[in-house]
Structures are given as C-alpha cells and as structure tokens.
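Here's the letter readout for the chains.
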Amino acid sequence: MSTAMIFVGLILSTILATASNSWLLAWLCLELNTLSILPFISKTKHPRAIEAATKYFLTQATASCLLLLAGTSNAWLTGTWDMTQMSNKLTSTTMLIALTMKMGTVPTHFWLPEVLQGSTLLTALLISTWQKIAPMSLLFIMSNNVQPTFALTLGLLSTTFGGWGGMNQTQLRKMMAYSSIANMGWTVITLTHEPKASMINIFTYIILTTPTFLLMALTSTKTLQNMTTMWSTSPLATTTMALLLLSTAGLPPLTGFLPKLIIMNELVTQNLTPLATMTMMTSLLTLSFYLRTTYLTTLLNPPSSATSATKWRQKMTKNKTMILLPTATTSTFMMPALIP
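Residues numbered from 1 in each chain as written. Predicted model: local features only at pLDDT ≥ 70, side-chain atom pairs only at ≥ 80, totals over all residues. Heavy atoms only, no water.

As named in an unreviewed UniProt entry, the protein chain is NADH-ubiquinone oxidoreductase chain 2, taken from Calotes versicolor. Within the UniProt record for the protein chain, the comment given under Catalytic activity (unreviewed entry) is "a ubiquinone + NADH + 5 H(+)(in) = a ubiquinol + NAD(+) + 4 H(+)(out)". (UniProt positions renumbered as here; feature names shortened; annotations may be inferred.)

Caption draft 1: Spatial organisation of the overall build of the protein chain. Across its full length, the protein chain carries 16 helices and 0 strands. The burial tally for the protein chain puts 53% of its 340 residues in the buried class. Taking contacts inside the protein chain between residues at least 6 apart in sequence as the whole, the part at least 24 apart equals 78%. (Helix = DSSP H or I, 4+ residues; strand = E, 2+ residues; numbered from the N terminus. Buried < 20%, exposed > 50% of the residue type's maximum accessible area, 1.4 Å probe, protein only. Contact = heavy atoms within 4.5 Å.)

Caption draft 2: Quick look at the environment of Glu-51. Of note, Glu-51 is situated in helix 3 (residues 47-78). Since its relative accessible area comes to 42%, Glu-51 is described here as partly exposed. Taking C-alpha positions, Glu-51 is 8.8 Å from Glu-114, a pair spaced 63 residues apart along the chain.

Caption draft 3: A look at the UniProt feature "transmembrane region" (unreviewed entry) in the protein chain. On the UniProt side, "transmembrane region" (unreviewed entry) is annotated at positions that read residues 57-78, 90-112, 146-164, 199-218, 230-252 and 321-339 here. Its end C-alpha atoms 27 Å apart, residues 146-164 is made of 89% helix and 0% strand. With 100% helix and 0% strand, residues 199-218 has end C-alpha atoms that lie 29 Å from one another.

Caption draft 4: Summary view of the pattern of salt bridges. Within this structure, the stated rule accounts for 3 salt bridges. A salt bridge links Glu-51 to Lys-55, with the shortest nitrogen-to-oxygen separation between them at 2.9 Å. Here Lys-55 and Glu-51 lie together in helix 3, a separation of 4 residues that amounts to about one turn. Judged by relative accessible area, which is 27%, Lys-55 ranks as partly exposed. Taking the shortest distance from any N to any O, the salt bridge between Glu-114 and Lys-55 comes out at 4.0 Å. Residue Glu-114 is located in helix 5 (residues 111-117), and its partner Lys-55 is located in helix 3; the two are separated by 59 residues in the primary sequence. Here Glu-114 falls in the partly exposed class, since its relative accessible area comes to 34%. When salt bridges with common partners are traced through the structure, they connect Glu-51, Lys-55, Glu-114 and Lys-174 into a single cluster. (Salt bridge = Lys/Arg side-chain N within 4 Å of Asp/Glu carboxyl O.)

Caption draft 5: Molecular detail of unusual backbone geometry. The amide bond that connects Val-106 to the next residue, Pro-107, takes the cis arrangement and shows omega of 5°. Checked against the element boundaries, Pro-107 lands in the loop between helix 4 (89-103) and helix 5. In this model, Ser-220 sits at a positive phi of 55°, which is unusual for a non-glycine residue. Tracing the backbone through its elements, the reader meets Ser-220 in the loop between helix 10 (195-219) and helix 11 (224-227). The backbone of Asn-271 shows a phi angle near 60°, a positive value even though the residue is not glycine. Its place among the elements puts Asn-271 in the loop between helix 13 (257-269) and helix 14 (273-298).

Caption draft 6: Focus on the nonpolar core. Counting residues in hydrophobic clusters, the biggest one holds 40 residues, and the most contacted among them are Ile-37, Ile-41, Tyr-56 and Ile-127. Counting residues per element, this core draws most heavily on helix 9 (residues 172-189), which supplies 6 residues. The contact partners of Tyr-56, leaving out residues within four places of it in the chain, are Thr-34, Ile-37, Leu-38, Ile-41, Trp-111, Val-115, Ile-127 and Gln-131. Trp-23, Ile-133, Met-136 and Ile-206 belong to the second-largest nonpolar core, a separate cluster that totals 30 residues. (Core = buried A, V, L, I, M, F, W, Y, C linked by side-chain atoms within 4.5 Å.)

This is how it looks when you write it as structure tokens:
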C-alpha cells in the first residue's frame, strides 16, 4: 500500500510540474518528485543503494536550490513567477543549468552513472525515463529565453562525454547512463532552434529505453558478460535487445535514427554545419559501444570461449516473450510521421 501511494505521488508530481505555469509551483512539484523516488532507490537496503540515494538527493537538492534562486531572481526583476517571462540572461542561464543538472547533462552529469549503478534495473528505468519528463517540459516552456550559444555548448559537450564515458564500461547500467547523457546532449543542442525536435528526441529515447531496461530485468542481465549467454535463454528477447540497442544508437533505418536526422537537418538549416558535423562524429562513439554490446548479444552463442560459469536465469515463458513483439516492430521500422 505504501509503495502504491509513493508511486502515485511520483506520477502526480510529474504531471503537476509539467502543467504548472509558475516557477514556485514547479519547484514545489520537483521537490515532491525527488522525495517520491528516493524510497525506490534505497529500497534494497544495500550500502550501494543508500549511497546512490544520498548522491541523488544531494544533486537534486542542489539543482532545486539553483532553480529557486533563478525563479526568485526573475520574480524580483520582472515582478512575476511566470515561466515565459525570463528575459534576463543570468536568470535564464541559471535556470538552464538547474534543469540540465536534474536531467544529467555535462558538466553536471557525474551523479547519473553512480546512481544508476547503485539502483535496481526498474529503478534505473524510472530515473532514465520518467524523471526526465518534468525538467524537459520546463525547458520546452522556457526555450525561447535560453541563450543559444550556451545550449549548443552543453549539447556538444554532453554528446562527446557521453560517448567517451561509455566506451570502457562493462556494467550495462553505467553504459545506459552514459548513453542517456549523450542523448540529452542531442536534446539540448537544438532546444533554442527547434524545441519540437528536442521533444521528439527525448520521447523517442524514452520509448526505446523502457523496453531495453525491461528486457534486462526480465533476463537478469546486468553486465556484458551476461549478454554473451543471453541467446540460449530466449532468442526472441535477444533479437529484440539487439534491435533496441542499434535503434538507440541511431543506426539507420531504425527508429532512433529519425530524431537525429531531424536535429541534423535543423542545425544545417541554421548554418551550423560545422557543429552538426562534430555532433555526428561524436555519435560514432556511442555507436561503437552499442555495436560491441550487440555483437556480444547476438554473435556469441554458447558454448563460447568464455571460461566463466553461465548465469542462472529463470525460464522465460511464451507469454513473456510474445509481449516483446510490438517493441521489436516499433524499434525496427522508422516512423515517417515524425518527419517534418
């Protein structure tokens, strides 16, 4: 009963923050959202989970302080708490830093890999997807007042560090965390020029990341070593996982390629071709570790050369595997309706 109430509070706080038009109400809802997710992170009663909850709380509290500072300063300068009235460059930049800290972008991204590694797979799913909806909605509202140069810099740095950080990771949760950082870079980089493209990108990422984490939880897969023996457990789940990983990497003609294509088109339209080229080159870093994971998933069939013991997994029933078919279809084919 208590878990259900906390989950309802998590959902309601996100909805209220998304629907609010006042920075004071948005700050209150984001605080409720942070307090609602903390019991889920620390539920396992493990020292690593407690550490992850502490790091998450301190980071989110710092971001909330910056958000309240920016909102209060803007209200003092303009006489209103309205989100659309942020004409001052200092307050809008401070607000952008606060919201990107909550989502996990460079340079305030260091908390995300550690928190995801200390959480369960389902909690990591919530942090990677649901917890980004409210800050992203607030960024969409204030996108007209964001400084373009600052947003472009944050986006390029996030795609670069997200790609480099995930290269040597063997833990899937940390790899997904760095993938989230890189994806948030794609979202922020076009925030001032085409906010709708940013929203398309973040929601496409959520659509692809949700079944990826669910598959990991369903097959008890947490490391790259576990991926090598996943094929014998469920070929359908393994194939779906490979498609999801390649689609998240942005490999054409899969679904994840479309948002990147739209963003590249917008950057070139705005005469930012050098930036578009650098961003596309940084996406190759993300593609490299996704291709490595896909190779381990689909092309290493047991018995392989690994000397370690095979991970024990529960038997996957036909009903569990059949629910993955719509996900495989969605991740395989492009969605032409998203092309402007």
